[in-house]
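One letter stands for each residue in the lines below.
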Amino acid sequence: MSTKHPHESGHKLIAGATGDWEIVIGLEVHAQVSSKAKLFSGANTEYGAEPNSQVSLVDAAMPGMLPVINRYCVQQAVRTGLGLKAKINTISVFDRKNYFYPDLPQGYQISQFKFPIVGEGEVTVDLADGETVKVRIERLHLEQDAGKSIHDLHPDLSFVDLNRSGVALMEIVSMPDMRSSLEAAAYVRKVRAIVRYLGTCDGNMEQGSMRADVNVSVRRPGEPLGTRCEIKNVNSIRFMSQAIEYEARRQIDIIEEGGVIKQETRQFDSKTSTTSAMRSKEEAHDYRYFPDPDLLPLELDEQWIEKIKATLPELPDEKKSRFMSDYGLSAYDAGVLVAEKDRAAFFERVAIGRDSKLASNWVTGEFFGALNKAGLNIENSPISANQLGKLIDLISDKTVSGRIAKQVFEIMFEFGGDPAQIIEKKGLKQVTDLTAIELEIDKVIAAHPGKVAQVKDKPKMMGWFVGQVMQSTGGKANPQAVNQLLRKKLGLG
Amino acid sequence: MTDNSELTDLTLAQARDGLRGKAFTARELTQSYLNAMNDADALNCFITKTPDKALAMADEADTRLMRGEGRPLDGLPLGIKDLFCTQDVLTTAGSHILDGFTPRYESTVTNNLWQDGAVMLGKLNMDEFAMGSSNENSYYGPVTNPWRRSGGETKLVPGGSSGGSAAAVAAGLVAAATGTDTGGSIRQPAAFTGIVGMKPTYGRCSRWGIVAFASSLDQAGPLARSVQDSALLLTSMVGHDPKDSTSINAPVPDFESAMTGEMKGLRVGIPKEYRVEGMPEEIDRYWRQGMDWCRAAGAEIVDISLPHTRYALPAYYIVAPAEASSNLARYDGVRYGLRCKSDDITDMYEQTRSQGFGDEVKRRVLMGTYVLSAGYYDAYYLKAQKVRTLISRDFSQAFNKVDLILTPTAPDAAFGIGEKANDPISMYLNDVFTVPVNLAGLPGLSLPVGLNAQGLPLGLQLIGKALDEETLFRAGGALEEAAGFNATPTRWWRDV
């Protein structure tokens, strides 16, 4: 395994009319804290509830209402910080970020500005080629989500749903360490994997529990950072990649035509895959941050942090190294398996006590392939780890060949059932009875005297004979036995 | 005991004893106050009267008292500053922008009072969002001080922002009242109306359910006719509240029993910085008189210095408006209160807030927005916070040498309505002696000590260590006895 530092990744340069350019990307990932209650109120956070059914007096900013910190959300933020190998700040401060918007009932968002709960950390990002890059984390802070404005229910009126108002978010801010949309996508996937392993965020981008603000700039390789534009609220990895690609090209074109980049906030249009500047009115905020006088500074006990540390699960990076060392998997296979916690766990259930390489091939190959094709995931998979394990056992003990096993797998995937029973019922059991195989071989030799004559000079024709025998046995013959017997009978020794 | 026809002349403690001794019923007592209230519309103390609720609560108290299950405040009729949210009762904070706002919840402090059996007479007038020192900033009109200059009919202010509370107590319209004090809003009106006002240590009273002005300074407290009454009321008001993160979790003493009638062994600090230029000689005289009373009660007078006092007012007028500008952002016309119709959201905000807020509120929101703005934050807000730290340090150093501090409450007596309306700076100077106490989060008590040459009451302020309200009640009780202040205003408003 090799690790590349961003400045070494010269191969990611993109070509402009006047030479090569480098894209520089930094991300602010907003991750909704997995918690039953909101950051400063006891209201429910469940997704998809009736509008305004999960709103406390605090969330609606009724006069005289006060925020009280939800300790569980703090614990989740600390867990996440530890998972990002980051410094946990024992004293942090909640600030008010002031602006007017109908879905922001208080007229300010409670966030952390100068003193975040989590400081610098690091994420190892796995790329498709099995290589990794380090992306530094600048900080993680806790903040409240806003409500939602709904504009399409009435021709003249807008409505506000405050269910999300006050829900706890973690804003995870990276350093500008990514150099391509692929790296940015891999980073988001990795952060998502980490929070899912930790159970601190469900990572569902389609439900809005994870979204990103993307900072993009371009520069000539080796030169100082260019002026960045921030693309707000991108809610899928695919859109993020598109936004980066478009935005980088836009900036390069402007600079190459002699223009300058204006630092601004932009939005991504998924219909056209383009970004456009947000109205200056929307971005020209002076947020007037100041410490929230309703909340005391958040003080954390070192021992409490240590206690949380002791409960951390094995995280993707450690799991990956263990899979490589304990199961002898390649970096790539290990990376694929650990990308999602339940997939890794599924693999382990299949692999334990079995040929781990075979297990890995089956899990990452047939199994993931079938799941993806069917649009399913581990949770609603029609095949359990136990069933897949049994099938692999039947390969290992030579009851079926790998090829037949694939047929059995397809039947299991579609109709369910026990692999041994399927094999029995469909008569797919591998023929290891040498006399039966010999009989078939003799038939083939007798039927093709010409080929038998040729094979002596062209040993490659062996394959054709094997194929014939396999065909005549319906694929059930043990391929090794067929090979051995054929060689003997054809006099190839 | 006083004639039953004037039950409203009784102090809270006397009324309590009368109720327990079955000398009269809570309903009779409440009815007397309702009558007094209805005779006093000229003072404009009430924004909302709740006579039905009052009588219902009184009846419940009578039932308990009959059974001998009386609670600490059973049957005692109180007025509530209209900054406290009261369930199902209009709550306005003295502002147009809260038109029609009827909370579905009860503030912790008022809830504590009702749990202890008190009776609510109504909601008291106040400066809009508690911003003001004269009660001229109410959407519901100014409150008139029951006191008038000798021989004059000029309408005077009761002080502010708890002006309705102070005037109602002084005029005998309520047995006692709640107030809130952000920079002097309990103590200054108490001084202007000849009653006792107590601001406890920041965090003693829960702020939950009190409309916020400046969160780091706001603190509820009682306005009452005697030191004992304020001790009695405060005992019920305070207590740790998990719903307020700044609420202090400390044992609650029985403040009434702290009143021993003497000050033996107490060291009383006299800060030289509180001798301000242009302060009437009478105030200085009463201050010196106060020192003598302290000595006579067994205390020692110690000269102290609070060197950063002169920066307190400017720092206050940065911190308080900064917090207010943010706290008042929620009054946007979207969810409750006033909404001016418009097709455009920004225009709706602008119309609602420019029509809903009065001039002083707008002035402070603008000041607060300015001092928090990018590029000004360090020069104003951050600097003011540093000053605040220095002021706190002044006090803690002084409290190494003394047990409490004695000062005047306000630099002058009550002034005429309209006299300072166009001079906000002169208005702000009213709080020069009270503001440092809020900045340091300390308890402060104002008690009436005498009348000036024009026949208007003057007050002295006692400042204590954090969480040491007991020493203030002890010293306050002794000074009250020494001063023997028992003047009351003539009830001219009954004929208006």
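Nothing here was measured: the structure is a model prediction, and the numbers come from that model. (Residues numbered from 1 in each chain as written. Chains lettered and ligands numbered in written order. Predicted model: local features only at pLDDT ≥ 70, side-chain atom pairs only at ≥ 80, totals over all residues. Heavy atoms only, no water.)

1. Here we look at the overall build of chain B
Filter applied, for reference: Labels follow the DSSP assignment, with helices taken as runs of H or I lasting at least four residues and strands as runs of E lasting at least two, numbered in each case from the N terminus. Two things to know: the radius of gyration comes from C-alpha atoms, and the globule rule equals 2.2 Å times the number of residues to the power 0.38. For every residue, the accessible area obtained with a 1.4 Å probe (protein chains only) is divided by the maximum for its type, and the residue is called buried under 20%, exposed over 50%, and partly exposed between those limits. Any two residues having at least one pair of non-hydrogen atoms within 4.5 Å are treated as being in contact.
Tallying secondary structure elements over chain B gives 15 helices and 11 strands in all. By the compact-globule yardstick of 23 Å for 496 residues, chain B fits well, its C-alpha radius of gyration being 21 Å. Out of the 496 residues belonging to chain B, those deemed buried represent 65%. For chain B, long-range pairs separated by at least 24 residues make up 77% of all intrachain contacts whose partners lie at least 6 apart in sequence.

2. Description of the environment of B:Gly141
Residues and elements named next belong to chain B. Position of Gly141 relative to the elements: it lies in the loop between strand S3 (119–124) and helix H5 (163–170). Each C-alpha atom, one on Gly141 and one on Val402, is 43 Å from the other, the two residues being 261 residues apart in sequence. Residues in contact with Gly141, not counting those within four places in the same chain, are Asn44, Asn125 and Asn135.

3. Some words on the packing of aromatic side chains
Definition in use: Each aromatic pair joins two rings of Phe, Tyr and Trp (for Trp, the six-membered one) with centres within 6.5 Å, and gets the label stacked for planes under 30 degrees apart, edge-to-face for over 60, and tilted for any other angle. Only when the NZ of Lys or the CZ of Arg is both within 6 Å of the ring centre and within 35 degrees of the ring normal is a charge said to sit over the ring.
Here the structure, examined in full by the defined rule, presents 33 aromatic pairs over all chains. Between A:Trp362 and A:Phe409, the ring centres sit 5.8 Å apart and the planes meet at 55 degrees, which makes this aromatic pair tilted. On the criterion of sequence distance, the pair formed by A:Trp362 in helix H9 (residues 356–374) and A:Phe409 in helix H11 (residues 402–415) is long-range, its members being 47 residues apart. In this pair, the class of A:Trp362 matches that of A:Phe409, namely buried. Ring plane angle 70 degrees and centroid distance 6.2 Å describe the contact between B:Tyr331 and B:Tyr336, whose orientation is recorded as edge-to-face. What makes B:Tyr336 buried here is its relative accessible area of 10%. Among the aromatic side chains, those forming a connected cluster through ring pairs are B:Phe101, B:Phe129, B:Tyr331, B:Tyr336 and B:Phe357. Positioned over the ring face of A:Trp464 is A:Lys451, at 4.6 Å from the centre of the ring. The ring of B:Trp208 has B:Lys243 lying over it, and the distance from NZ or CZ to the ring centre is 3.6 Å.

4. Some remarks on the pattern of salt bridges
Our working definition: Salt bridges are identified by distance alone: a Lys or Arg side-chain nitrogen within 4 Å of an Asp or Glu carboxyl oxygen.
Counted under the stated rule, the structure contains 58 salt bridges over all chains. A salt bridge links A:Lys357 to A:Asp333; the nearest nitrogen and oxygen atoms lie 3.3 Å apart. With A:Lys357 in helix H9 and A:Asp333 in helix H7 (residues 331–338), this pair connects stretches of sequence that are 24 residues apart. Residue B:Lys465 pairs with B:Asp403 through a salt bridge whose shortest N-O separation is 4.0 Å.

5. Things to note about the nonpolar core
In summary, soluble globular proteins display a tendency toward joint burial of nonpolar side chains. Where we set the bar: What makes a nonpolar core is a set of buried Ala, Val, Leu, Ile, Met, Phe, Trp, Tyr and Cys residues whose side-chain atoms join them at distances within 4.5 Å.
Of all hydrophobic cores here, the largest spans 173 residues; its most connected members are B:Phe129, B:Leu173, B:Met263, B:Phe395 and B:Leu406. At 10 residues, the largest contribution of residues to this core is made by helix H9 (residues 312–327) of chain B. Of all hydrophobic cores here, the second largest spans 104 residues; its members include A:Leu27, A:Cys73, A:Ile237 and A:Phe323.

6. Let's talk about the side chain of B:Asn135
All names here are of chain B. The cut-off we apply is this: Within 3.5 Å is the distance limit for a polar contact, defined as a pair of N or O atoms, with the added protein rule that one can donate a hydrogen and the other accept it, and that residues adjacent in sequence qualify only through two side-chain atoms.
Tracing the backbone through its elements, the reader meets Asn135 in the loop between S3 and H5. Judged by relative accessible area, Asn135 falls into the buried class, the value being 0%. Side-chain polar atoms of Asn135 contact the backbone nitrogen of Gly164, separated by 3.1 Å.

7. Quick notes on the domain arrangement of chain A
All names here are of chain A. What counts here: By convention here, the domain bounds are inherited from an automatic or database domain assignment. Buried area, as used here, totals the accessible surface that two parts lose on assembly, with accessibility defined by a 1.4 Å probe and the loss added over both. All residues other than Ala, Val, Leu, Ile, Met, Phe, Trp, Tyr, Cys, Pro, Asp, Glu, Lys and Arg, Gly among them, are scored as polar; the first ten of these are nonpolar and the last four charged.
Taken domain by domain, chain A consists of domain 1 (3–309), domain 2 (314–426) and domain 3 (434–490). Taking only C-alpha atoms into account, the centre of domain 1 sits 36 Å from that of domain 2. Of the roughly 1,000 Å² buried between domain 1 and domain 2, counting both surfaces, carbon and sulfur atoms make up 56%. Looking at the side of domain 1 facing domain 2, the largest losses of area belong to Gly130, Lys190 and Tyr197, adding up to 51% of the total buried there. Counting across the interface, domain 1 meets domain 2 through 3 salt bridges. Between domain 1 and domain 2 we count 4 residue pairs in polar contact (both at pLDDT 80 or more) in total. When contributions to the side of domain 1 that touches domain 2 are tallied by element, the ones reaching two or more residues are strand S7 (121–126) and helix H2 (181–198). Element by element, the count of residues in the side of domain 1 that touches domain 2 is highest for H2, at 6 residues. Considering only residue class, the side of domain 1 that touches domain 2 consists of 5 nonpolar, 4 polar and 4 charged.

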